[in-house]
Amino acid sequence: MFEPFQYDFFIRGLIAATVASGLCGFIGVYVVLRKMSYIGHGLSHAVFGGAVVSFVMDFNFYIGSTVWGFGSALLIILMTRVRKFIAADAAIGIITTSSFALGVALISHYHKFTRNFDAALFGNILGVDNTDLAAIIAVTAVTLGLVVLLYRRLLFTTFDPEVAPFFGVDTNWMDAIFALILASAIVVSLRVLGATLIAATLVIPPITARLLTDHFGRMMGLSVLIGALSGFFGIYISYYVDIASGASIVLLSAGLFTAALVYSSLRQRLTSMRRIAPTPSAAQTQHALFD
Amino acid sequence: MLHPYPHETDETGPAVQLRSVTCGYDGRPVLFDIDLTVMAGDFVGLVGPSGSGKTTLLRTILGAVDVYGGQVIVNGREIKRGAAHAGYVPQLETIDWNFPVTVEHVVRMGRASHGWTPWISRRMRDEAYAVMERLGIANLAQRHVRALSGGQQQRAFLGRALFSSPRLLLLDEPTAGVDIKTRDDVLHLLDELNHEGVTVVMTTHEINAVAAHLPWVVCVNGRIIAEGPPSDVYTPDILKRTYGAEMTVIQHEGMTLVAETPHSIGRASARHKAKAG
């Protein structure tokens, strides 16, 4: 049971996957509630383009990819805000695929690539080094700090972006900070989860949490927990079953989603059955509400 | 009539002044050459048909619309593109009812820009509860907003606006889709706030049930057609210019009421024709 813990690479991978999946679950709440679920998928591809550009220009991968992803996220948000007839999914499709296409074009032009980009696409837990781990922890700490500071402003901007400015919330700044957080999280999670699977870790934990609660704060806590648990046990299971770590994490969170879906459906059915036979206290409450 | 002293000037001056304002969206003007003054302490209803620019007029006061000409002055300050701070209650149909927020969350958003912690101070929390108590929704504080009746939802969003302690309250169709009792409650609540010194500007489709009770009505249809007490502006001529339809005006127990001019719809059956003959 404790056999894999004797390997440094496994411990590093386990911590990286747990923290990165928890981080994605955390940010994913805003992603899902902004109805931009597809942005994780799109941005991870856009960041892939940025990674290639950074490599070609001999620039630091983390900085180059984050700037690239941040720019793409900002463009998507701006496009949907300024031109309201362009829906979020269309804006994501246009900007991120263009960015990805640029990466592919550069790869096909410069045949001298020796770096393996498979890891960026599908995730490779063996490739996680101390720098990657430090980047994941640093981004998580900064994200936590920013979200704590801006919690009420971000909540209002996510809930009612049209009205929030009338109450003194600078939604442009909130959008910019959200784009930066999202891009950074995707860049640091890329090595563990891979561009193709990262979207799932941004979407599945928050949606699962949403099935279990109607409370924003609780949704956030549950989403982090589901993400982190999926990351931890996903890596652990992948060691024994010998499957890709990203796939293992996503399959585990999909399993948790299914369980939550069944539970919430049963709960809903039970509630509606109780409503058919109202109790005196329920009737009194209803009467009091309309008094 | 709810307000005893409509459109009176006091020492605080105008709350809102629009001077020859032409405004709209994406380069397309929706309102033309608007001159409007709302005095501090006024209670004003904006009426007009769908698409006449009532909501745009509210949003112009909030600085959320492109102004192509003229000046918008709110509380003595010229408003450029960007946000003016005012209590605003949007149309409920624009709300995402699946968003995981409780009534208390919504009300607290009224001071989202105050402080840098996820929680609010004990004093602010008490104030939020006082607002909810006043609106009769304190017992629903932990309910999800979707689980409320239309009137309660309206109160929750009114609570958000009131929690920001506004001197100017702008409401977009606050009585749309609610029953008569709730409509009456909302109007009396707004009247109370108005008597406490809050300037209220609201849009409404209901020219008899709502606007006829207000002290000051502004008829809008791309331009300001007329403004004044309902008894002055509810005339067949002004209503025709506002709504583009013939309307009959009736005086009843001191109230001015508007009725559509009767017209037949559909083909009269042979039986009806025989009866008429």
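Residues numbered from 1 in each chain as written. Chains lettered and ligands numbered in written order. Predicted model: local features only at pLDDT ≥ 70, side-chain atom pairs only at ≥ 80, totals over all residues.

(A) Looking closely at the overall build of chain A. Across its full length, chain A holds 11 helices and zero strands. Across the 291 residues in chain A, those meeting the buried criterion constitute 49%. Long-range pairs, those at least 24 residues apart, make up 75% of the contacts in chain A with a sequence separation of at least 6. (Helix = DSSP H or I, 4+ residues; strand = E, 2+ residues; numbered from the N terminus. Buried ≥ 20, exposed ≤ 12 C-beta atoms within 10 Å, placed from the backbone. Contact = placed C-beta atoms within 7 Å.)

(B) Layout of the interface of chain B and chain A. Contact residues are listed per partner, giving 20 residues for chain B and 21 residues for chain A. Split into classes, the residues belonging to the side of chain B that touches chain A amount to 12 nonpolar, seven polar and one charged. (Nonpolar A, V, L, I, M, F, W, Y, C, P; charged D, E, K, R; others polar.)

(C) Region of the structure containing the nonpolar core. Ranked by internal contacts, the top residues of the largest apolar core, which has 158 residues, are Ala20, Ile27, Val47 and Leu182 of chain A together with Leu170 of chain B. Ranked by the residues each element gives to this core, the list is headed by helix H1 (residues 8–33) of chain A, at 14 residues. Counting contributing residues per domain, this core is built from domain 1 (10–86 + 166–244) and domain 2 (94–165) of chain B, each supplying no fewer than three. Non-local contacts of Leu170 of chain B, meaning those with residues more than four positions away in its chain, are made with Leu58, Ile61, Leu62, Ala86, Gly87, Tyr88 and Val201 of chain B. (Core = buried A, V, L, I, M, F, W, Y, C linked by C-beta atoms within 7 Å. Domains from an automatic or database assignment.)

(D) Inspection of the sheet that holds strand S2 (residues 28–39) of chain B at higher detail. All names here are of chain B. With antiparallel pairing, four strands are arranged side by side in an open sheet as S2-S1-S4-S5. Two strands in the sheet have a free side with no partner beyond their single neighbour: S2 and strand S5 (77–78). One ladder, built from eight bridges, connects strand S1 (residues 14–25) with S2; its direction is antiparallel. Across the sheet, residue Gln17 finds its bridge partner in S2, namely Thr37. The strands touched by helix H1 (residues 54–61) within the sheet are S1, S2 and strand S4 (66–74), with S1 carrying the most contacts at an inclination of about 120°. (Pairing = 2+ DSSP bridges. Axes fitted to C-alpha atoms, helices over the stretch in contact; angles between N-to-C directions.)

(E) Spotlight on the confidence of the model for chain A. All names here are of chain A. Scored by pLDDT, chain A comes out at a mean of 84, with 89% of its residues at no less than 70. The least confident element of chain A, judged by mean pLDDT, is helix H11 (residues 280–290) at 41; the most confident is helix H6 (residues 130–159) at 95. Note on residues 279–291: pLDDT under 50 across the span, and one contact to partners over four residues away in sequence or across chains. (pLDDT = per-residue confidence, 0-100.)

(F) Region of the structure containing the packing of helix H2 (residues 38–56) of chain A against helix H4 (residues 88–109) of chain A. Residue and element names in this part refer to chain A. Two elements in contact, H2 and H4, have axes separated by 8 Å at closest approach and are oriented at 25°. On the basis of the axis angle, H2 is roughly parallel to H4. Crossing angle aside, the handedness with which H2 passes H4 is left-handed. Taking contact as the criterion, the partners of Tyr38, Ile39, Gly42, Leu43, His45, Ala46, Phe48, Gly49, Gly50, Val52, Val53 and Val56 in H2 are, on H4, Asp89, Ile92, Gly93, Ile95, Thr96, Thr97, Ser99, Phe100, Leu102, Gly103, Leu106 and Ile107. For the contact of H2 with H4, the residue count by class is 14 nonpolar, nine polar and one charged. (Parallel < 35°, antiparallel > 145°, perpendicular 65-115°, else oblique. Left-handed = near helix turned anticlockwise from the far one by under 90°.)

(G) Quick look at the environment of Ser72 of chain A. Residues and elements named next belong to chain A. Here Ser72 is to be found in helix H3 (residues 61–82). Given 28 C-beta atoms within a 10 Å radius, Ser72 is considered buried. Sequence spacing of Ser72 and Thr96 is 24 residues, and the spatial spacing of their C-alpha atoms is 6.8 Å. Residues contacting Ser72, with those up to four places away along its chain left out, are Leu43, Ala46, Ile95, Thr96 and Ser99.

(H) How the structure looks around the confidence of the model for chain B. All names here are of chain B. Per-residue confidence for chain B gives a mean pLDDT of 87, with 88% of residues at or over 70. At the low end of the mean pLDDT range in chain B sits helix H8 (residues 270–276), at 57; at the high end sits helix H2 (residues 103–108), at 96. Scored below 50 in pLDDT, residues 1–5 makes 12 contacts in the model with residues more than four places away or belonging to other chains. Complex prediction metrics read pTM 0.86 and ipTM 0.87.

(I) Representation of unusual backbone geometry. Located in the positive-phi region is Asp58 of chain A, a residue other than glycine, with phi close to 55°. Here Asp58 of chain A is to be found in the loop between H2 and H3. Note on Asp58 of chain A: 7 C-beta atoms within 10 Å, which makes it exposed. For Ser20 of chain B, which is not glycine, the phi torsion reads 45° and is therefore positive. You can see Ser20 of chain B is positioned in strand S1.

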